[in-house]
Amino acid sequence: MREEHAAERYEQRFVELWTEHGPRVMAYALRHLDSDSAQDVVSETFLVAWRKLASVPDEPLPWLLVVARNTISNLRRSGHRQARVAVELERFRQVAEPAAAADVLATERATVLTQLATLTPKEREALLLIAWDGLTPEQAARVAGCSLPAFHVRLFRARRRLRASGEPDAPPHVDAAQRPLPSAGGTA
């Protein structure tokens, strides 16, 4: 009986928080985001409030707005990362037009392009200078504007990151970074 009463009070406090402060949290979120994203922020904010209801202070609005602000920041960071990867992927698709008789399957090509988009710009450049442009490490280091040892480190990191991302269809003895990449303009 006592636990039921405590659960009812818990729910009642949450309903009061929602009723009194939900519109204010929504107004705050709408000042920063579009309507759909603002609704997501409000939902996430009150989910946190539900989980931490015992920690919500007597003056809950500032606390709720801090949670909303943090949620908005996380949403923006996530969106920024996704946008960067999408831009890089689109850029690679534009420069990686397949040759007329390309022997790389479209699914493999998409996988390779997606994996390339996850590399840092320096790692991607190192890998592409070797695998795509056919340069020696010495030549590629000159093009990249770094020392040969620094270039080898970049190339090693790129290959390691590609191996870590894993290609489920690749046999274990095939190094993903050593596979032929789709050609740009028909040359390997």
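Residues numbered from 1 in each chain as written. Predicted model: local features only at pLDDT ≥ 70, side-chain atom pairs only at ≥ 80, totals over all residues. Heavy atoms only, no water.

## Some thoughts on the overall build of the chain
Inclusion rule: Strands are runs of DSSP state E lasting at least 2 residues, helices are runs of H or I lasting at least 4, and numbering of each runs from the N terminus. Remark: exposure states derive from per-residue accessible area (1.4 Å probe, protein chains only) relative to the maximum for the residue type, with buried under 20%, exposed over 50%, and partly exposed in between. Calculation of accessible area relied on Shrake-Rupley with a 1.4 Å probe; when residues are assessed, cover is drawn exclusively from the protein chains displayed.
Secondary structure assignment for the chain yields seven helices and zero strands. Reading the secondary structure of the chain in the N-to-C direction produces α-α-α-α-α-α-α. Taking all 188 residues of the chain together, 33% fall into the buried category. Summed over all atoms, the accessible surface of the chain reaches about 12,200 Å², with 55% contributed by carbon and sulfur.

## Considerations on the packing of helix α5 (residues 121–131) against helix α7 (residues 148–165)
What counts is decided by this rule: Between N-to-C directions, angles cover 0 to 180 degrees, with each direction set by a line fitted to C-alpha atoms, over the stretch in contact for helices. The scheme is simple: roughly parallel for angles under 35 degrees, roughly antiparallel for over 145, roughly perpendicular for 65 to 115, oblique for anything else. By definition, residues are in contact when any of their heavy atoms lie within 4.5 Å.
Where α5 contacts α7, the two axes come as close as 8 Å, and the packing angle between them is 95 degrees. Taken as axis vectors, α5 and α7 run roughly perpendicular relative to one another. Of the residues in α7, those in contact with K122, E123, E125, A126, L127, L129 and I130 of α5 are F151, R154, L155, R157, A158, R159, R161 and L162.

## So, the side chain of T71
As for its placement among the helices and strands, T71 is situated in helix α3 (residues 60–95). For T71, a relative accessible area of 15% puts it in the buried group. Residues contacting T71, with those up to four places away along its chain left out, are V41, E44 and T45.

## Quick look at the pattern of salt bridges
To keep things clear, this is the line we draw: Each salt bridge in this description consists of a side-chain nitrogen of Lys or Arg and a carboxyl oxygen of Asp or Glu lying within 4 Å of one another.
Applying the stated criterion across every chain yields a total of one salt bridge. Among the ionic pairs, R161 bridges to E123, the shortest N-O distance being 3.0 Å. With a gap of 38 residues between them, R161 in helix α7 and E123 in helix α5 connect regions that are remote in the sequence. A relative accessible area of 36% means that R161 is categorised as partly exposed. On the basis of relative accessible area, E123 is assigned to the buried category, the value being 5%.

## Let's talk about the confidence of the model for the chain
The line we're drawing: On a range of 0 to 100, pLDDT expresses the predictor's confidence in each residue.
Residues at a pLDDT of 70 or more form 80% of the chain, whose mean pLDDT is 81. When the elements of the chain are averaged for pLDDT, helix α4 (residues 106–118) gives the smallest value, 76, and helix α2 (residues 35–51) the largest, 95. In this model, residues 167–188 is a region of pLDDT below 50 whose contacts with residues beyond four sequence positions or in other chains number 35 contacts.

## Brief notes about helix α1 (residues 2–32)
What counts here: Any helix carries an expected span of 1.5 Å times its number of residues minus one. Bend, at a single residue, is the angle you get between axes fitted to the 7 residues ending at that residue and the 7 residues starting at it.
The end-to-end C-alpha distance of α1 is 43 Å, a good match for the 45 Å that 31 residues give at a rise of 1.5 Å each. H21 marks where α1 bends most, by close to 50 degrees; the proline P23 follows one to four residues later. Those residues of α1 that fall on the buried side of the exposure criterion are F14, L17, H21, G22, V25, Y28 and A29.

## Overview of the environment of F156
Turning to its location among the elements, F156 is positioned in helix α7. Here F156 falls in the partly exposed class, since its relative accessible area comes to 46%. Between the alpha carbons of F156 and A126 there is a distance of 9.1 Å; along the sequence they are 30 residues apart.

## Quick notes on the packing of aromatic side chains
Going by this rule: Aromatic pairing here means that ring centres of Phe, Tyr or Trp (its six-membered ring) are within 6.5 Å. Orientation follows from the plane angle: under 30 degrees is stacked, over 60 is edge-to-face, and everything else is tilted.
Scanning all chains against the criterion turns up four aromatic pairs. Both rings, one in F14 and one in W50, keep their centres 5.2 Å apart while their planes meet at 85 degrees; by these two values the pair is edge-to-face. Placement of the pair is F14 in helix α1 and W50 in helix α2, with a sequence separation of 36 residues. Overall, F14 belongs to the buried group, its relative accessible area being 18%. Joined through ring pairs, the aromatic side chains of Y10, F14, W18, F46 and W50 make up one cluster.

## A few points about the packing of α5 against helix α6 (residues 137–144)
Threshold: Handedness of a helix crossing follows the sense of rotation of the near helix relative to the far helix, less than a right angle counterclockwise being left-handed and clockwise being right-handed. Each residue is assigned to one class: nonpolar for Ala, Val, Leu, Ile, Met, Phe, Trp, Tyr, Cys and Pro, charged for Asp, Glu, Lys and Arg, and polar for all the others, Gly among them.
At a closest axis distance of 9 Å, the pairing of α5 and α6 adopts a crossing angle of 135 degrees. In terms of orientation, α5 and α6 fall into the oblique class. The handedness of the crossing between α5 and α6 comes out as right-handed. Facing E125, L129 and I130 of α5, the residues of α6 in contact are P137, A140, V143 and A144. Split by residue class, the contact of α5 with α6 holds six nonpolar, no polar and one charged.

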